[in-house]
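Coordinates in review
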Amino acid sequence: MKFWRWLMTPDPEPGFTGRKLGRLLIRVLLFTVVATLLSGLLRLAGLGKYLDTVWGTVIFVLLLYIPLFRFLTVDTFVPRRLAGRTPAGTRQQSAARTQRRRERHRYAGVKKSPPRGGGGRR
């Protein structure tokens, strides 16, 4: 069970590290073994002539890949719960974000906007 938890826990580090690539290799090997065994069982059940057609292959691939998509892409995408987090102390704001914040706070407390249309009466 510990091995399965290690295999299915997303790695919060960005990029592909050696550990991440190792887990990906293990996942792909397990997926290949499952796909081969399932294909062999379907052939033994007499469905080999259907698996050899285009539609049979498409259905087999869709029925296999869609449920196992999450299994294959655990480390490929950053999980939503970790996407917004940054390590403490390393948070840096971009120049555009800082500028927007300054503009937003520039007129803080001003109740009325400046006159529009070039001023008052003539």
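As shown above, the structure is provided for reference.
The paragraphs below set out a description of the structure included in this document. (Residues numbered from 1 in each chain as written. Predicted model: local features only at pLDDT ≥ 70, side-chain atom pairs only at ≥ 80, totals over all residues. Heavy atoms only, no water.)

Within the chain, the secondary structure is distributed over 5 helices and 0 strands. Start at the N end of the chain and walk to the C end: the helices and strands fall as α-α-α-α-α. Taking all 122 residues of the chain together, 17% fall into the buried category. In the chain, of all internal contacts separated by at least 6 residues, the share reaching a separation of at least 24 is 50%. (Helix = DSSP H or I, 4+ residues; strand = E, 2+ residues; numbered from the N terminus. Buried < 20%, exposed > 50% of the residue type's maximum accessible area, 1.4 Å probe, protein only. Contact = heavy atoms within 4.5 Å.)

What follows covers the packing of aromatic side chains. In this structure the tally under the stated criterion is 1 aromatic pair. Centroid distance Phe31 to Tyr65: 4.8 Å. Interplanar angle 75 degrees. Geometry classified as edge-to-face. Taken as a pair, Phe31 in helix α2 (residues 18-51) and Tyr65 in helix α3 (residues 54-72) lie far apart in primary sequence, 34 residues in all. Owing to a relative accessible area of 41%, Tyr65 belongs among the partly exposed residues under this scheme. (Phe/Tyr/Trp six-rings, centres within 6.5 Å; stacked < 30°, edge-to-face > 60°.)

Leu7, Phe31, Ala35, Leu51, Phe60, Leu64, Phe71 and Leu72 form the largest nonpolar core, which has 8 residues in total. Contributions of two or more residues to this core are made by α2 and α3. Broken down by element, the residue count for this core peaks at 4 residues, all from α3. Residues contacting Phe31, with those up to four places away along its chain left out, are Leu64, Tyr65, Leu68 and Leu72. (Core = buried A, V, L, I, M, F, W, Y, C linked by side-chain atoms within 4.5 Å.)

Once that is clear, we can look at empty space enclosed by the protein. In this approach a probe as big as a water molecule rolls over the atoms, and the regions it shows empty are the leftover space. Within this structure, the stated rule accounts for 1 cavity of 30 Å³ or more. The space that makes up the largest cavity amounts to roughly 30 Å³. In terms of lining residues, the largest cavity is bounded by Phe16, Lys20, Leu24, Arg27, Leu72, Asp75 and Thr76. With 3 residues, α2 is the single largest residue contributor to the lining of the largest cavity. Grouping the amino acids of the lining of the largest cavity by side-chain chemistry returns 3 nonpolar, 1 polar and 3 charged. (1 Å grid on protein atoms, 1.4 Å probe; cavity = no way out; pocket = protein on both sides within 12 Å on 5 of 7 lines; lining within 4 Å. Points joined across faces, edges and corners; volume = space filled by probe spheres on them. Nonpolar A, V, L, I, M, F, W, Y, C, P; charged D, E, K, R; others polar.)

Right, let's get into the environment of Asp75. Checked against the element boundaries, Asp75 lands in the loop between α3 and α4 (80-83). Placed 52 residues apart in sequence, Asp75 and Arg23 show a C-alpha to C-alpha distance of 8.5 Å. For Asp75, the contacting residues outside a window of four places in its chain are Thr9, Pro10, Asp11, Lys20, Arg23 and Arg27.

A maximum bend of about 40 degrees is found in α3 at Ile66, where proline Pro67 lies one to four positions downstream. When we look at burial in α3, the residues that qualify are Gly56, Phe60, Leu64, Phe71 and Leu72. Turning to α3, the residues buried within the fold contact α1 (2-8) and α2. For α3, the N-terminal cap is Thr53; the gap from its side-chain oxygen to the backbone nitrogen of Gly56 is 3.1 Å. (Bend = angle between axes of the 7 residues up to and from the residue. Polar contact = N/O pair within 3.5 Å; in protein donor to acceptor, adjacent residues only side chain to side chain.)

To continue, consider a positive patch on the surface. Positive charge collects at one region of the surface, where Arg97, Arg100, Arg101, Arg102 and Arg104 lie side by side. For Arg102, a relative accessible area of 54% translates into the label exposed. (Patch = residues over 30% accessible without salt bridge, like charges linked within 9 Å, V, L, I, M, F, W, Y side chains within 5 Å. Areas by Shrake-Rupley, 256 points an atom, 1.4 Å probe, with all protein chains shown as cover. Salt bridge = Lys/Arg side-chain N within 4 Å of Asp/Glu carboxyl O. Lys, Arg positive; Asp, Glu negative; His and termini not counted. Charge placed at Lys NZ, Arg CZ, Asp CG, Glu CD.)

Function-wise, these values are silent; they only describe arrangement.
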